[in-house]
Amino acid sequence: GEEPEGVRVRPDGQVVYVTCEGTNEVAVVDTTTYAVIGHLKMEGRPRAIEFTPDGRTAFVSNENGGSVSVVDAQAHKVTGVIAIPADPAAPTPPRPMGLALSPDAKFLYVALGRAKSVAVIDLAAGKAVRSFSDVGTRPWGIGISPDGTKVYTANGSSADVSVIDAATGTVDRRI
């Protein structure tokens with residue numbers, strides 16, 4: 001595909017998913033043969049991929065689609081799309097970028113770029129349930145502490161990292 005961006009290996013190591021921004025798809029690559037074994041159509045400018053620990057499900061952020069696609073990572077099929085609602089406090093609509101799964105695999109944290117916020121998706125409910133506003137300028141990369149208490153965002157144009165309390169959604173500090 002055109003403009004490969006995000007790359008993630010499924011936990012069992014058998015396939016690699018690659019987001020292709022220019023063709024709005026995810027390429028599925030067999031790690032043994034290096035053959036492309038599938039193409040998954042996405043909503044618009046797919047950016048990042050996150051797998052559940054068991055490798056059964058993948059999540060793909062769709063920057064221009066304002067959503068996260070849910071993928072059956074064994075059958076390589078899109079099974080659903082979770083829309084990210086606009087945060088009234090955000091300066092722009094959501095632009096899903098980076099993804100981080102909570103250690104218990106119950107929540108997916110989504111960095112929303114120019115919206116200066118993070119969405120929290122409850123995976124059991126299949127929807128965004130919270131938003132952390134004003135976490136930094138253009139949060140793109142995102143990670144979570146091993147105990148799930150802190151969310152970290154790499155904020156592009158401000159060249160800093162925000163440390164966010166996962167329980168309250170407040171920024172504890174910027175580094």
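In case you missed it, the structure is sitting above this.
No experiment lies behind these values; they were computed from the predicted model shown.

A. Representation of the sheet that holds strand β4 (residues 36–41) in the model. Spatially, the four strands line up as an open sheet ordered β1-β2-β3-β4, and their pairing is antiparallel. Whereas interior strands pair on both sides, the edge strands pair on one side only; in this sheet they are β1 (4–9) and β4. Taking each pair of neighbouring strands and ignoring which way they run, the sheet shows an average axis angle of 20 degrees. Of the strand pairs in this sheet, β1 and strand β2 (residues 15–20) are connected by four bridges, and their pairing is antiparallel. Within β2, the position partnered with Val 9 by the bridge is Val 16.

B. Molecular detail of the environment of Gly 6. Position of Gly 6 relative to the elements: it lies in strand β1. Residue Gly 6 is classed as buried on the basis of its relative accessible area of 10%. Sequence spacing of Gly 6 and Thr 33 is 27 residues, and the spatial spacing of their C-alpha atoms is 20 Å. Setting aside chain neighbours within four positions, we find Gly 6 in contact with Tyr 17, Val 18, Thr 19, Arg 47 and Ile 49.

C. Region of the structure containing the pairing of strand β15 (residues 160–165). Judged by how many residues are buried, β15 sits mostly within the fold: five of six residues are covered. In the sheet, strand β14 (residues 150–155) pairs with β15 via six bridges, with the strands oriented antiparallel. Within β15, the position partnered with Tyr 152 by the bridge is Val 163. Hairpin remark: β14 followed by β15, antiparallel, with four residues in the connecting loop; positive phi at Ala 159, about 55 degrees. Here β15 pairs with strand β16 (residues 171–174) via three bridges, running antiparallel. Across the sheet, the residue bridging to Val 163 is Arg 173, located in β16.

D. Local environment of the pattern of salt bridges. Under the definition given, this model contains 11 salt bridges. Put simply, Arg 56 and Asp 54 hold a salt bridge, and the shortest N to O gap is 4.0 Å. Here the two residues Arg 56 and Asp 54 agree in accessibility, since each one is exposed. Its salt-bridge partner being Lys 150, residue Asp 172 comes within 2.4 Å of it at the nearest N-O pair.

Calculation criteria
Residues numbered from 1 in each chain as written. Predicted model: local features only at pLDDT ≥ 70, side-chain atom pairs only at ≥ 80, totals over all residues. Heavy atoms only, no water. Pairing = 2+ DSSP bridges. Helix = DSSP H or I, 4+ residues; strand = E, 2+ residues; numbered from the N terminus. Axes fitted to C-alpha atoms, helices over the stretch in contact; angles between N-to-C directions. Buried < 20%, exposed > 50% of the residue type's maximum accessible area, 1.4 Å probe, protein only. Contact = heavy atoms within 4.5 Å. Salt bridge = Lys/Arg side-chain N within 4 Å of Asp/Glu carboxyl O.

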